[in-house]
Amino acid sequence: MSPQSVASNRTRGLITGVALAVLAVVLVPSLPGIGAGLGLRTLTVAVIYSLAAASAGVLYGRLGLVSIMQVGLVAVGGWTTLRLHYATGLPFEVVLLLAALVTAVVGTVVSLPALRLSGLSLAITTLMIAGALEVIVRYTGFPNGGPGFVGRDATGSGSTMPRPSLGQDDQTYFRYVAVVVIVVLVLLWWLLASRPGRAWAAIRQGDAGAMASGINTTAYRVLALAVTSAVTGVAGALLAANSGVLDPVSFKAQQSVLLFATVLIAGAFSLAGAVIGGLFFYWVPQLLNTWGVDGNLVFVILGLGTVQAITTAPHGIAGQLENLSSALRSRTGRRVEES
Amino acid sequence: MAGLTLSNVTVRYGGVRSLDDVSMAFERGVCGLIGPNGAGKTTTFNVLSGFTVAATGSAELDGMDLLRVAPHRRARLGLRRSFQQEQVIRALSAYDNVRLVAEHTRSALTSVGRALDYVGLARAERLGSELTLLERRLVEIARCIVGQPRLVLLDEPAAGLDPTESERLLKLITGIPDEVGALVLLVDHDMDLVRAACGTVAVLDFGKLIAFGSTHEVLASAQVRRAYLGVEDDEESAC
Amino acid sequence: MNLLPFVVAGLVIGSVYALSGVGVLVLYRTTGVLNFAHGAIGGLAAMLAWQFIENGLPASAAIALCVTIGAAVSLVFGVVAGPYLGRIDELRKAVATLGFSLALLGLMLYLWNDKARRLLLPTSLTGFSVGNGEAHARVNLTQLICLTLAIVVVTGAALALRYTAIGTAMRALASDRELAAVLGTSVRLVENAAWAVSGAIAGISGVLVADQTRLEPAFLTFLVIPELAAVVVGRFRSLGMTMVAGLVIGLVQSLVSSQPSITAFSTAVPFVIATVVILAGTRRRTVTIGVVRA
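Residues numbered from 1 in each chain as written. Chains lettered and ligands numbered in written order. Predicted model: local features only at pLDDT ≥ 70, side-chain atom pairs only at ≥ 80, totals over all residues. Heavy atoms only, no water.

Caption draft 1: Main features of the overall build of chain A. Looking only at helices and strands, chain A has 13 helices and zero strands in total. The linear arrangement of helices and strands in chain A, starting from the amino end, is α-α-α-α-α-α-α-α-α-α-α-α-α. The buried share among the 339 residues of chain A stands at 58%. Sequence separation of at least 24 residues holds for 77% of the intrachain contacts in chain A that already meet a minimum separation of 6. Counting every atom, chain A has about 13500 Å² of accessible surface; 68% of that belongs to carbon and sulfur. (Helix = DSSP H or I, 4+ residues; strand = E, 2+ residues; numbered from the N terminus. Buried < 20%, exposed > 50% of the residue type's maximum accessible area, 1.4 Å probe, protein only. Contact = heavy atoms within 4.5 Å. Areas by Shrake-Rupley, 256 points an atom, 1.4 Å probe, with all protein chains shown as cover.)

Below, the structure is given as structure tokens:
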């Protein structure tokens, strides 16, 4: 097999993934039960959070960086989206891109100093940011068309941001979200499969080897933070447009920890793992709630799951699925050879 | 001047001088850097790579002042190195491992295939994690010769390999100067390998340069035998 | 404006940060585990103390019981997860404790929900006044205990590390585990001792801070943030610097929260202080050549 065929192998994986995702997008809204109402709205949010999960997953899985502030950055993206909407009235798609840009800057600037020290410092610093953002957001609230920089009308007469014209009702907005998420994930996949992805893999392996290969490790770490923060910002924008308003209650520090935990359990090394992580993070707790299981027990399960995953199963559920599929493939392969 | 010239290089760790006013020049071919553990061999490599900062002194590679350049930029100037603990990237294919260096040194991608052919690594699409130790050592050599290297630093390139495998590696190493025109600096404890590969050797002991010259003469000198080979003899008799 | 009450409150909270920070540091230096669950263990101890007092147990007995429980919870985690944690790098060790903190938080929210409660220790009822005229503040006994305890524990820890057998063993482990093991230090025993001690410190900190601020699971769990900030300022090694940092963070937080226009940003204080200290430090990332793990 030549290197070209490796690439085509990878591309095949991507095409399968995208095809499955598109199939899901087409089918899900027509499913009974989840296809409409609360079920669909929950699923929409879960799909949005898979972007935040993918960011945490890329940072941890590809660079070995632990960032525990992703939900905080979703809040930054959401806040910026609402603020820009009320300030400029630009189309949602433009606001979304600007929000991604702002989140990229915020996410990079706050983590840069810690990056100079060590991975452990970055983990601590990002947790600090998650904690700080929780309270700041609770204090300022999210813009609802009010006056001033904060843009919040506290009297309760505030307005909501309309959904994008391409996704007005729940079903079309679900599809809108799914398309944006697929596009972003494909872009992320492309980055991982090209020059930056290779440089990140080298950095994860070790600074010395990476520097000896000519890689500017600082620049590529900054790039990774910027890219993943931007992706998380997109999640914030989509979330803001989903309901038109945002509630500070959704952006507690523990949510950031929970998101990181789900990513770890689901598997940080592949984008599929990230998508599973997003579903875990938002959908499973809601599902358990409807079954009458106390949502707080999810914390217990996922918390203990994290301990288990980090100590014994570094590749998570996605890794185990991959092992399973490659085991099946090698079995069928052998059978073909034998016959 | 062509080649590598170190002038008065001193490195301090706390109160210890792991390199003490070392000056030496290597012109071409495969040159050895030997000495007992802690003599300053790897420190020399780390100074050249930029992982350790020298307190004083300079290093010129083909007339360029190497130590003033940021570590990652030195690869672009033609510096390559391998590590005692090989650093092949497990998550990337062997091909991508080599390609990475080409990418970050502004070299043509065609040199990747050439480098892999030179070391004779088959099925380069396999991941680093799927390679045997010998194959990973081969990938490291390929990473060292891709692009237009001027200076290749090899730190115990054959560590952990059996004699036949070492033999194969030796041939590859001695061929590097002719293949890509680079100067090779080799650190190894295996005296047979050094004797077979290097025309010139420098001997370090406690951070000081104690001998320099043609391999044959240096290894025969009494001082070197005392400082270096003597230690080995003691170790052997202690076993 | 009379800032003295804020200074007092800030120093008191700061002393608890310092106390906890030292607990985190001792565990980190001994086992290499930076315990993100330190706050959650304290939270659990505080919630249990409230429950026991509600059920009629005398406060002193409840507190003693809860400090023991804090030590026990920490020890159990150390004993169960310790062997696995020994095999992974520092960052993953820390992430494992992050998972543990999530589990403890979930348990607390499940058992008690997130309603704010009030844990009032009897020592908070007696106190005295300091200052006079415009600048005055009331200091109660609990606050005095916080300050004294921080000083006693930090000094005690410093002395114990230097002069006792187990302290020497802990320092040996911190500098070179393999060498320490070869020299006959019982690694497991020393590590377990560190887990228990830091758990006890977490327990007492949790109870004290719950009395001084509020008794709320998530709030107490995330008190680990200023505590870790203190450890970062102490460069992961200095007991003294960690203590000073804890006090400064508590003080600045309290003063910031005294100004209505910026009160929301008091939670950003640990981040700002830690970042400023990191930026002021000249130590760069060191390049180490590691062994590649498969």
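Caption draft 2: Expanded view of the environment of A:Ile203. Residues and elements named next belong to chain A. Secondary-structure assignment places Ile-203 in helix 7 (residues 195–205). Linking Ile-203 and Thr-217, residues 14 residues apart in sequence, is a C-alpha distance of 6.6 Å. In this structure, Ile-203 is in contact with Ala-210, Ile-215, Thr-217, Tyr-220 and Arg-221, ignoring residues within four places of it in sequence.

Caption draft 3: Region of interest: the nonpolar core. Formed by 195 residues in total, the largest nonpolar core has its most connected members in A:Leu238, C:Leu34 and C:Phe36. For this core, the element with the highest residue contribution is helix 2 (residues 37–63) of chain A, accounting for 15 residues. Look past the residues within four positions of C:Phe36 in its chain and what remains in contact with it is A:Ile68, A:Ala123, A:Ile124, A:Leu127, C:Ala94, C:Thr97, C:Leu98, C:Ser101, C:Val224 and C:Leu228. Among the nonpolar cores identified, the runner-up in size contains 47 residues, and B:Val112, B:Ala115, B:Leu138 and B:Leu172 belong to it. (Core = buried A, V, L, I, M, F, W, Y, C linked by side-chain atoms within 4.5 Å.)

Caption draft 4: Structural view of the sheet that holds strand 10 (residues 208–214) of chain B. All names here are of chain B. In space, the six strands of this open sheet follow the order 6-7-8-3-9-10, with mixed pairing throughout. Edge positions in the open sheet fall to strand 6 (79–81) and strand 10, since each of these has one partner strand only. Strand-to-strand, the axes of this sheet are offset by a mean angle of 15°, without reference to chain direction. Here strand 9 (residues 200–205) pairs with strand 10 via six bridges, running antiparallel. If you follow Asp-205 over to strand 10, its bridge partner there is Lys-208. (Pairing = 2+ DSSP bridges. Axes fitted to C-alpha atoms, helices over the stretch in contact; angles between N-to-C directions.)

Caption draft 5: Quick peek at the environment of A:Leu82. Inspection of the secondary structure assignment puts A:Leu82 in helix 3 (residues 70–88). With 162 residues separating them in the primary sequence, A:Leu82 and A:Gly244 have C-alpha atoms 8.0 Å apart.

Caption draft 6: Here's a closer look at the side chain of A:Asn242. Residue and element names in this part refer to chain A. Turning to its location among the elements, Asn-242 is positioned in helix 9 (residues 217–243). Taking the relative accessible area as the measure of exposure, Asn-242 reaches 13% and is therefore buried. Aside from chain neighbours lying at most four places away, what touches Asn-242 is Thr-44, Val-45, Arg-163 and Tyr-173.

Caption draft 7: Inspection of helix 10 (residues 253–266) of chain A at higher detail. Residue and element names in this part refer to chain A. Compared with an ideal rise of 1.5 Å per residue, which puts 14 residues at 20 Å, helix 10 spans 20 Å between its outermost C-alpha atoms and is within 8% of the ideal. Of all 14 residues that make up helix 10, 14 are buried, and the element is covered over most of its length. Positive backbone phi, at 120°, marks Gly-267, one or two positions downstream of helix 10. (Expected span 1.5 Å × (residues − 1).)

Caption draft 8: Broad picture of the pairing of strand 8 (residues 183–187) of chain B. Residue and element names in this part refer to chain B. Burial analysis of strand 8 places five of its five residues in the buried class, which makes it a mostly covered element. In terms of strand pairing, strand 3 (residues 30–34) meets strand 8 through four bridges, oriented parallel. If you follow Val-30 over to strand 8, its bridge partner there is Val-184. For the handedness criterion, the β-α-β arrangement of strand 7 (residues 151–155), helix 6 (residues 163–180) and strand 8 is classed as right-handed. (Right-handed = clockwise from strand over helix to strand, strands pointing away.)

Caption draft 9: Inspection of the interface of chain A and chain B at higher detail. Contact with chain A, which involves 20 residues of that partner, is made by 21 residues of chain B. Summed over both sides, the interface between chain A and chain B buries roughly 2000 Å², with carbon and sulfur atoms accounting for 61% of that surface. Together, A:Arg198, A:Gln205 and A:Ser213 form the three largest contributors to the area buried by chain A at its contact with chain B, with a combined 31%. Counting across the interface, chain A meets chain B through one salt bridge. Close ionic contact of A:Arg198 with B:Glu103 constitutes a salt bridge, the shortest N to O distance being 2.2 Å. On inspection of chain A and its partner chain B, the count reaches four residue pairs in polar contact (both at pLDDT 80 or more). Here the side of chain A that touches chain B gets six residues from one element, more than from any other, and that element is helix 7 of chain A. Classifying every residue of the side of chain A that touches chain B by side-chain character gives eleven nonpolar, six polar and three charged. (Buried area = accessible area lost by both parts, 1.4 Å probe. Salt bridge = Lys/Arg side-chain N within 4 Å of Asp/Glu carboxyl O. Polar contact = N/O pair within 3.5 Å; in protein donor to acceptor, adjacent residues only side chain to side chain. Nonpolar A, V, L, I, M, F, W, Y, C, P; charged D, E, K, R; others polar.)

Caption draft 10: Looking closely at the confidence of the model for chain A. Residue and element names in this part refer to chain A. Model confidence for chain A is summarised by a mean pLDDT of 82, while 86% of its residues fall at 70 or above. Across chain A, element-level confidence peaks in helix 9 with a mean pLDDT of 94 and bottoms out in helix 13 (residues 316–338) with 56. Low pLDDT, under 50, characterises residues 333–339; the predicted model gives this stretch zero contacts beyond four residues in sequence or across chains. (pLDDT = per-residue confidence, 0-100.)

Caption draft 11: Representation of the pattern of salt bridges within the structure. Under the counting rule described, the total for this entry stands at 19 salt bridges over all chains. Across the salt bridge formed by B:Asp65 and B:Arg68, the nearest N and O atoms sit 2.8 Å from each other. Note on B:Arg68: relative accessible area 73%, which makes it exposed. Each member of the salt-bridge network shares a partner with another, and the members are A:Arg198, B:Asp96, B:Arg99 and B:Glu103.

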